[in-house]
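Now for the letters of each chain:
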Amino acid sequence: MDVLHERCAGIDISKRDAKVCVRTPSPRRKGTFTQQTTTFGATTNAILDLREHLLGAGVTLVVMEATGDCWKPFYYLLAEELNVILVNARQVKDMPGRKTDVSDAAWLAQLGSHGLVRASFVPPQPVRELRDLTRTRTQLTRERAQVAQRLEKLLEDAGIKLSAVVSDLMGVSGRAMLQALIDGQRDPHILADLAKRRMRSKIPELNQALTGRFREHHAFLTRLYLDQYDQLSGAIKQLTVRIKEAMSPFRPALDLLDTIPGVNQAVAEVIVAETGGDMTRFRSAQHLASWAGLCPGHHESAGRVRSTRVRPGNPYLKGALGMAAFGAARTKGSFLQARYKRLTARRGPIKALVAVEHSIIIAVWHMLSDNVPYHELGGDYFTRRDPERAARRAVSRLNDLGYRVTLDPMEAAG
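Residues numbered from 1 in each chain as written. Predicted model: local features only at pLDDT ≥ 70, side-chain atom pairs only at ≥ 80, totals over all residues. Heavy atoms only, no water.

(A) Representation of the packing of helix H4 (residues 125-157) against helix H8 (residues 216-246) in the model. Remark: H4 packs on H8, axes separated minimally by 9 Å, with the N-to-C direction vectors making an angle of 160°. Looking at the two axes, H4 sits roughly antiparallel to H8. Taken as a pair, H4 and H8 cross one another with a handedness that is left-handed. In terms of residue class, the contact of H4 with H8 is built from 17 nonpolar, eight polar and six charged. (Axes fitted to C-alpha atoms, helices over the stretch in contact; angles between N-to-C directions. Helix = DSSP H or I, 4+ residues; strand = E, 2+ residues; numbered from the N terminus. Parallel < 35°, antiparallel > 145°, perpendicular 65-115°, else oblique. Left-handed = near helix turned anticlockwise from the far one by under 90°. Nonpolar A, V, L, I, M, F, W, Y, C, P; charged D, E, K, R; others polar.)

(B) The arrangement of the side chain of Ser26 in detail. Tracing the backbone through its elements, the reader meets Ser26 in the loop between strand E2 (17-25) and strand E3 (33-41). We classify Ser26 as buried; its relative accessible area is 15%. (Buried < 20%, exposed > 50% of the residue type's maximum accessible area, 1.4 Å probe, protein only.)

(C) Highlighting the nonpolar core. Residues Leu162, Leu206, Leu257, Ile260, Ile360 and Ile361 are the most contacted members of the largest nonpolar core, which totals 86 residues. When residues of this core are assigned to their parent elements, the largest contribution, twelve residues, is made by helix H14 (residues 349-370). Excluding residues within four positions of it along the chain, Ile360 makes contact with Ile260, Val263, Leu321, Ala324, Ala325 and Leu336. Counting residues in each nonpolar core, the second largest holds 23 residues, with Phe40, Phe74, Leu78 and Val84 among its members. (Core = buried A, V, L, I, M, F, W, Y, C linked by side-chain atoms within 4.5 Å. Contact = heavy atoms within 4.5 Å.)

(D) Summary view of the sheet that holds strand E1 (residues 8-13). Across the sheet, which stays open at both edges, the five strands sit in the order E3-E2-E1-E4-E5 with mixed pairing between neighbours. Here the strands that pair on one side only, and so sit at the sheet edges, are E3 and strand E5 (84-87). For this sheet, the mean inter-axis angle between neighbouring strands, taken without regard to orientation, is 20°. The pairing of E1 with strand E4 (residues 61-65) spans four bridges and is classified as parallel. (Pairing = 2+ DSSP bridges.)

(E) Expanded view of the pairing of E2. Across the nine residues that make up E2, a large majority, seven, are buried. Summarising the sheet, E1 and E2 pair through six bridges and their orientation is antiparallel. Along E2, the bridge assignment pairs Asp12 with Lys19. Here E1 folds back onto E2 in antiparallel fashion, the turn holding three residues. Relative to E3, E2 is paired through nine bridges, and the arrangement is antiparallel. The residue bridging Ala18 from the neighbouring strand is Phe40, located in E3.

(F) The arrangement of the environment of Pro261 in detail. Looking at the element boundaries, Pro261 is found in the loop between helix H9 (251-257) and helix H10 (265-275). On the basis of relative accessibility, which here comes to 12%, the residue Pro261 falls in the buried class. Along the primary structure Pro261 and Glu205 are separated by 56 residues, whereas in three dimensions their C-alpha atoms are 36 Å apart. If sequence neighbours within four positions are ignored, Pro261 has contacts with Ala324, Ala328, Thr331, Ser334, Leu336, Tyr374 and Glu376.

(G) Seen up close, the packing of helix H11 (residues 285-292) against H14. Viewed as axis vectors pointing N to C, H11 and H14 meet at an angle of 130°, and their least axial separation amounts to 9 Å. Relative to H14, the element H11 is oriented oblique. Where H11 crosses over H14, the two elements pack in a sense that is right-handed. Contact residues: H11 offers Ala285, Gln286, Leu288 and Ala289, while H14 offers His358, Ile361, Ile362, Trp365 and His366. Tallied by class, residues from the contact of H11 with H14 come to six nonpolar, three polar and no charged.

(H) Quick peek at H8. With 31 residues, H8 extends 45 Å from end C-alpha to end C-alpha; this agrees with the ideal 45 Å at 1.5 Å per step. Burial in H8 covers these residues: His218, Ala219, Leu221, Thr222, Tyr225, Leu226, Tyr229, Leu232, Ser233, Ile236, Leu239 and Ile243. (Expected span 1.5 Å × (residues − 1).)

(I) Spatial organisation of the packing of aromatic side chains. Summed over all chains, the structure comprises nine aromatic pairs. Plain terms: the ring middles of Trp71 and Tyr75 are 5.8 Å apart, the flat faces sit at 85° to each other, and that makes the pair edge-to-face. Within this pair, Trp71 and its partner Tyr75 are both found in helix H2 (residues 71-78), separated by four residues, close to a single helical turn. For Tyr75, a relative accessible area of 15% corresponds to the buried category. Counting every residue linked through ring pairs, the aromatic cluster contains Trp71, Tyr75 and Tyr76. Stacked on the ring of Phe33, the Lys or Arg Arg23 has its end atom at 4.2 Å from the ring centre. (Phe/Tyr/Trp six-rings, centres within 6.5 Å; stacked < 30°, edge-to-face > 60°. Lys NZ or Arg CZ within 6 Å of the ring centre and 35° of its normal.)

(J) Structural view of the state of the cysteines. Following the criterion strictly, the structure yields zero disulfides and no others. For the unlinked cysteine Cys21, the closest cysteine sulfur is that of Cys8, found at 8.8 Å. Using a relative accessible area of 0% as the deciding quantity, one classes Cys21 as buried. (Disulfide = S-S within 2.5 Å.)

(K) Just H14, in detail. Helix length check: H14, at 22 residues, gives a terminal C-alpha distance of 32 Å against a target of 32 Å (1.5 Å per residue), a fit within 8%. Downstream of H14 by a residue or two, Asn371 has a phi angle that is positive, lying close to 60°.

(L) How the structure looks around a positive patch on the surface. On the surface, Arg309, Arg346, Arg347, Lys351, Arg385, Arg389, Arg392, Arg393 and Arg397 cluster together into a positively charged patch. Among the elements of the structure, helix H13 (335-347) and helix H16 (387-400) are those that each provide at least two residues to the positive patch. With four residues, H16 is the largest single contributor of residues to the positive patch. A relative accessible area of 47% places Lys351 in the partly exposed class. (Patch = residues over 30% accessible without salt bridge, like charges linked within 9 Å, V, L, I, M, F, W, Y side chains within 5 Å. Areas by Shrake-Rupley, 256 points an atom, 1.4 Å probe, with all protein chains shown as cover. Salt bridge = Lys/Arg side-chain N within 4 Å of Asp/Glu carboxyl O. Lys, Arg positive; Asp, Glu negative; His and termini not counted. Charge placed at Lys NZ, Arg CZ, Asp CG, Glu CD.)

Structural data, given as structure tokens:
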């Protein structure tokens, strides 16, 4: 096997230290190599010493595994003066048998020397900072939703069925009623009269829902949950403002993505933050879909296809695209809704949503590559593409209902 990098280093990283294997040509026999493994600490000073060690050895390629977040200080410091690639641990699994950190480092060095590893996508610093902001906002949004769920369970314990009538507990009417309960008000008629606007039409239902056994214990926890909810909401607003400022260089890409059905401002910001907005890093639209974990896997053995589950991908990008697909499936007259309905009948709603996510990420690649807005194909795209098939399906449905159908094609006008 050809050797592409005669001087290569493999690094197996842990939280406390790193095992570094340097593979260099042997001075004794031509065509052979020697491996020297050393342990370095994970502090900044130790990593700087490691960088000097690798530069002194004349290393032309450094390969490291992506193990949690421990790789970040090593990558950021070493990449300033060395050719460093980060690889997915799933793609560089060692042969079964002896498994140690030292053997892992040697295996990485050997794979790197022969060019058998593929570098993972590590965005530049501005995009990494955007990722930190959008991911933090996503996590806080989930935590806020969990707080609302805990509050709903607490009200169930008190016999208050407010969530059965009010769609949003944290809305204006819901918050007013909860605050009155905390202040000691227990009369359901007075509590129901706090409803605002459209909720006033549900006052009879609210009278029934607000009758319960709300005690001081429930008031204390309700106040705690409301304060926690408000604190998270304030943090999310601060992050949103900071993200808007950081997204200024990517404003043209955001405007393009906003034309896709189901993609709102928050989803577009996540797409830009996770992909970097630069489609030249992905060879094709299919490569981007594979990187995002939105294409079926391939596992065929002895003529049998064992599993076609989607592969693991970027969880933050997949979550944002899932929200976009859910919104697109409800957009009337759109191609994405037609695709969802076409697939959900025979493959189920979950697989249909994944297919819509795949269509969105494919569109994202073409839009950002060609700098063009989304081109809507229309909800009747599949009918226009194959009208005969659409006619056969319509006739088949009528036959299932007990009708005998005779088709008489209309002559084209003109």
